[in-house]
Amino acid sequence: MFEHVDAYPGDPILTLNEEFLHDPRPEKINLSIGVYLNEAGQLPLMGAVRKAEQSILAQPVKRTYLPMEGMLDYRNAVRCLLFGEDHQAVSEKRIATMQTLGGSGALKIGADFLAAYFPGAQVWVSDPTWDNHHAIFAGAGFVVNSYPYYDPGIQHVNFEAMQTALEAIPVGNIVLLHACCHNPTGADLNTQQWRDLATIIQSRSLLPFFDIAYQGFGQGIKEDAFAIRYFASLGIPMLVAGSFSKNFSLYGERCGALHVLCNDEGQANNVLGQLKAVVRRNYSSPPTHGARIIATVLGSSELRDEWHSELEAMRARIQSMREGLYASLQGRMPAGKADFLRKQDGMFSFTGMTAEQVRRLREEFAVYLVGSGRICLAALTQESIVPVTEAMVQAMN
């Protein structure tokens, strides 16, 4: 019956992580998958999360199904975290918010909704982008195109080429944008470039779909949401897929949210209803535990302040790893070759290494990077900086 089913080649990142787990070499270093590790190389349990979980477990409740749209306290809390409590779009109830199965689930629900109501549109993603963006939107039936983004020559965004491309995109098409900490390059737009981009989006009547999986890991909670809040202040209709795997260190709880900014409350209610229908056709309702943790943390001023301080410390550690690797590489590489670390931001950076050099890193030095040359600086430690430097220098020579 299933003889015609092809073998699955595997996801390039998750398969690489499985290969790392089976690697017997004790010196192995995994800088491929996008997770934040502490200085001991472990996933942290944030203090605010631990306290919230203890509070929840002390008051057990029945494990009933959540509504299709998710937990109300969670949805309200994450909406305010992203847009700001005093944002006009929030007070006017123009944002339809859904609890989703992680950021991937938010993208999937959003893609299915758009496929039903914008069947003639095409989707445009940055070159490069997270591989799953292509798969999710193509799986929803969209034609997926790319617009210019990263220029290896300058190790940063080629904004002029990006502008020119977006100005030529047909009216009514969907443009996927990374709000901060661009994956995989770590190259972000500055505030003026976001303003210029908003002008293009409005003039072309394009529909922006933001992906924000690393809020707080770039410049800060508020700063990382600048583009989303600015677009919202202009009344630009948009979708936003958010994830709390990284900034709450709750990877396995699959906590995400999809927000759709509408013109008025009536539209938002209609959109919410159709998003509920999409969820019903996919997984019916989301899980409770992780959402309760996040709602508890964000609903308590004390726990929220503690979480924010912890998140700032995590962000600072990533930045120190970026600076440490830069200092270690600077004297070992040709002039300017290590500058990418100072031009980029967030968990990731584009090293410029070729697929062959990445293969050598893995096979000869047990240092794992994604095939594109992306490095996860959030998994680096003071102890691993020197061996990673030595491996990179030798692999590139």
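Preceding block: the structure.
Engineer: Account for the nonpolar core, naming residues and giving values.
Structural biologist: One broad rule of soluble globular proteins: the nonpolar side chains tend to lie buried together. One finds Phe 210 and Trp 307 to be the most contacted residues of the largest nonpolar core, which totals 106 residues. Sort the elements by how many residues they give to this core and helix H13 (residues 301-330) lands first, with 9 residues. Ignoring anything within four residues of it in the chain, the contact list for Phe 210 reads Leu 177, Ala 179, Trp 194, Ala 227, Ile 228, Phe 231, Met 238, Leu 239, Val 240 and Ala 241. By size, the runner-up hydrophobic cluster in this structure holds 30 residues, among which are Leu 207, Leu 258, Leu 272 and Leu 275.

Engineer: Can you break down the packing of helix H3 (residues 72-83) against helix H10 (residues 226-233) residue by residue, with the values?
Structural biologist: Where H3 meets H10, the axes come as close as 8 Å, and the angle between the chain directions of the two elements is 90°. When the axes of H3 and H10 are compared, the pair comes out roughly perpendicular. Taking contact as the criterion, the partners of Cys 80, Leu 81, Leu 82 and Phe 83 in H3 are, on H10, Ile 228, Arg 229 and Ala 232.

Engineer: Quick one: what's the story with the packing of aromatic side chains, residue by residue and with numbers?
Structural biologist: Tallied over the full model, the rule gives 14 aromatic pairs. Ring centres 5.2 Å apart and planes at 85° place the aromatic pair Phe 20 and Tyr 368 in the edge-to-face group. Taken as a pair, Phe 20 in helix H1 (residues 12-21) and Tyr 368 in strand E12 (residues 367-368) lie far apart in primary sequence, 348 residues in all. Owing to a relative accessible area of 13%, Phe 20 belongs among the buried residues under this scheme. Judged by its relative accessible area of 2%, Tyr 368 is buried. Taking 6.1 Å as the distance between ring centres and 80° as the angle between the ring planes, the aromatic pair formed by Tyr 74 and Phe 244 counts as edge-to-face. Separated by 170 residues along the polypeptide, Tyr 74 in helix H3 and Phe 244 in the loop between strand E9 (238-243) and strand E10 (255-261) bring together distant segments of the chain. Each member of the aromatic cluster is reached from another via a ring pair, and the members are Tyr 74, Phe 244, Phe 248 and Trp 307. Note that Arg 374 overlies the ring of Phe 348, its terminal NZ or CZ placed 3.9 Å from the centroid.

Engineer: Residues and numbers for the pattern of salt bridges, please.
Structural biologist: Inspection of the entire model under this criterion finds 14 salt bridges. Glu 312 is the salt-bridge partner of Arg 315, the closest N and O atoms lying 3.0 Å from each other. With a gap of 3 residues between them, Arg 315 and Glu 312 both fall in helix H13, about one helical turn apart. Connected through shared salt-bridge partners, Glu 356, Arg 359 and Glu 363 make up one network.

Engineer: Before we move on, could you go through a nonpolar patch on the surface and cite the residues and values that matter?
Structural biologist: On the surface, Met 1, Phe 2 and Val 5 cluster together into a nonpolar patch covering about 430 Å² of accessible area. Within the secondary structure, Met 1 is located in the segment before H1. According to the relative accessible area criterion, Met 1 is exposed, its value standing at 80%.

Engineer: Explain helix H6 (residues 131-139) to me, using residue names and the numbers behind them.
Structural biologist: Two residues of an α-helix separated by three or four positions point the same way, owing to the 3.6 residues in each turn. Residues of H6 that are buried: His 133, Ile 136 and Phe 137. The arc that holds every buried residue of H6, seen down its axis, measures 90°, which confines them to one face. Its buried side turned inward, H6 meets helix H5 (102-117), strand E3 (123-127), strand E4 (144-148), strand E7 (174-178) and strand E8 (207-212).

Engineer: Break down H5 for me, citing the residues and quoting the values.
Structural biologist: Over its 16 residues, H5 runs 23 Å from end to end, which matches the ideal 22 Å to within 8%, given 1.5 Å per residue. Those residues of H5 that fall on the buried side of the exposure criterion are Gly 102, Gly 103, Gly 105, Ala 106, Leu 107, Ile 109, Gly 110, Ala 111, Asp 112, Phe 113 and Leu 114.

Engineer: Tell me about the side chain of Ser 285, and please be specific about residues and values.
Structural biologist: Its place among the elements puts Ser 285 in the loop between helix H11 (265-282) and helix H12 (289-299). For Ser 285, a relative accessible area of 16% gives the class buried. When neighbours within four sequence positions are excluded, Ser 285 is seen to be in contact with Tyr 65, Leu 66, Pro 67, Met 68 and Val 279.

Engineer: Account for the pairing of E8, with residues named and values stated.
Structural biologist: Among the 6 residues that make up E8, 6 are buried, leaving the element largely enclosed by the rest of the structure. Here E7 pairs with E8 via 5 bridges, running parallel. Bridge pairing in E8 places Leu 177 opposite Phe 210. Each parallel crossover has a hand, and the one from E7 via helix H8 (residues 191-203) to E8 is right-handed. Inspection of the sheet shows E8 paired to E9 by 4 bridges, in the parallel sense. Looking across to E9, one finds that Asp 211 is bridged to Ala 241.

Cut-offs used in this document
- Residues numbered from 1 in each chain as written.
- Predicted model: local features only at pLDDT ≥ 70, side-chain atom pairs only at ≥ 80, totals over all residues.
- Heavy atoms only, no water.
- Core = buried A, V, L, I, M, F, W, Y, C linked by side-chain atoms within 4.5 Å.
- Buried < 20%, exposed > 50% of the residue type's maximum accessible area, 1.4 Å probe, protein only.
- Helix = DSSP H or I, 4+ residues; strand = E, 2+ residues; numbered from the N terminus.
- Contact = heavy atoms within 4.5 Å.
- Axes fitted to C-alpha atoms, helices over the stretch in contact; angles between N-to-C directions.
- Parallel < 35°, antiparallel > 145°, perpendicular 65-115°, else oblique.
- Phe/Tyr/Trp six-rings, centres within 6.5 Å; stacked < 30°, edge-to-face > 60°.
- Lys NZ or Arg CZ within 6 Å of the ring centre and 35° of its normal.
- Salt bridge = Lys/Arg side-chain N within 4 Å of Asp/Glu carboxyl O.
- Patch = residues over 30% accessible without salt bridge, like charges linked within 9 Å, V, L, I, M, F, W, Y side chains within 5 Å.
- Areas by Shrake-Rupley, 256 points an atom, 1.4 Å probe, with all protein chains shown as cover.
- Arc of directions from axis to C-beta.
- Expected span 1.5 Å × (residues − 1).
- Pairing = 2+ DSSP bridges.
- Right-handed = clockwise from strand over helix to strand, strands pointing away.

Worth remembering: the numbers are spatial, not functional.
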